[in-house]
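Survey of secondary and tertiary structure
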Amino acid sequence: MPKVSNKISPITTLVFLLGVVPAIALAQDYALALYAGRLTKEKWERAILPDADYADSTIVVAAGSWTIARFFDDKLSCELEAQVGKYVGDQDHWEFNLPIIGFRWHRFPWDNYAATSFAWGIGPSYATEVPPIEIETSGSSSRWLIYWYGELTLGPPSAGWEALLRLHHRSDGFGTAADNGGSNTVCAGLRYRF
């Protein structure tokens, strides 16, 4: 009897997530972001702490996003995002994260002074080579992993741009995408909405 893997195939994940692409036609607004950050050797819980151990590798990412739905009187939105990233330093491969589905909370009491949002998103991640720093920190890794992010934005009220702080995370998904692997990058950048 052939052995059946309990891993979710990257192709299955991609085909499933591509089912949301037709919703792009319903988009209410678009955004472009450019951000960069230094890769850490820490788990995501420790990556944002001041004493985090950093690797000699930086990623620069260009991302496009579409808001496909709004809820609760525009307090919460659902977005699709696609990213292209390039590493420099100890690893120099490309990374593609798409499509990413994200949810963004837009309303905070101080929004009249500083427009703020918090977002979280998830989707598949493909690296053009198995990332060496992921192998160094996890023992092994894979080109295909799960990508997720947590993001905080701040900007002038009613402006078309915002500054962003993002935790850029590749994950083995507790063994669902790979046996080991993953990385965390603390990033900062700008987003322009139109």
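In what follows, the structure referred to is the one given above.
Okay, so let's go over this structure.

Cut-offs applied
Residues numbered from 1 in each chain as written. Predicted model: local features only at pLDDT ≥ 70, side-chain atom pairs only at ≥ 80, totals over all residues. Heavy atoms only, no water. Pairing = 2+ DSSP bridges. Helix = DSSP H or I, 4+ residues; strand = E, 2+ residues; numbered from the N terminus. Salt bridge = Lys/Arg side-chain N within 4 Å of Asp/Glu carboxyl O. Buried < 20%, exposed > 50% of the residue type's maximum accessible area, 1.4 Å probe, protein only. Axes fitted to C-alpha atoms, helices over the stretch in contact; angles between N-to-C directions.

Relative to strand β2 (residues 54–71), strand β1 (residues 29–40) runs antiparallel, the two being bridged by eleven bridges. The residue of β2 that forms the bridge with L34 is A62. The pairing of β2 with strand β3 (residues 76–89) spans 14 bridges and is classified as antiparallel. Bridging from a neighbouring strand, S57 pairs with G89 of β3. Where β2 folds back onto β3 in an antiparallel hairpin, the turn is made up of four residues, including F72, whose phi is positive at roughly 50°.

Looking now at the pattern of salt bridges. Taken as a whole and judged by the stated rule, the model has eleven salt bridges. One salt bridge in this structure joins R166 and E81, with 2.9 Å as the shortest N-O distance. With R166 in strand β7 (residues 161–171) and E81 in strand β3, the pair connects residues that are 85 residues apart, well separated along the chain. Each member of the pair, R166 as well as E81, is classed as buried. The residue R191 makes a salt bridge to E151 at a minimum N-O spacing of 2.9 Å. With a gap of 40 residues between them, R191 in strand β8 (residues 182–193) and E151 in strand β6 (residues 144–155) connect regions that are remote in the sequence. Here the two residues R191 and E151 agree in accessibility, since each one is buried. When salt bridges with common partners are traced through the structure, they connect E79, E81, R104, E151, E162, R166, R191 and R193 into a single cluster.

It is worth spelling out the sheet that holds β8 at this point. Judged by pairing direction, the barrel is antiparallel, and its eight strands sit side by side in the order β1-β2-β3-β4-β5-β6-β7-β8 before closing back on the first. Ignoring which end each strand starts from, the neighbouring axes of this sheet average 25° apart. Bridge count for β6 against β7 is nine bridges, and the pairing is antiparallel. When the sheet's bridge partners are listed, Y147 is paired in β7 with R170.

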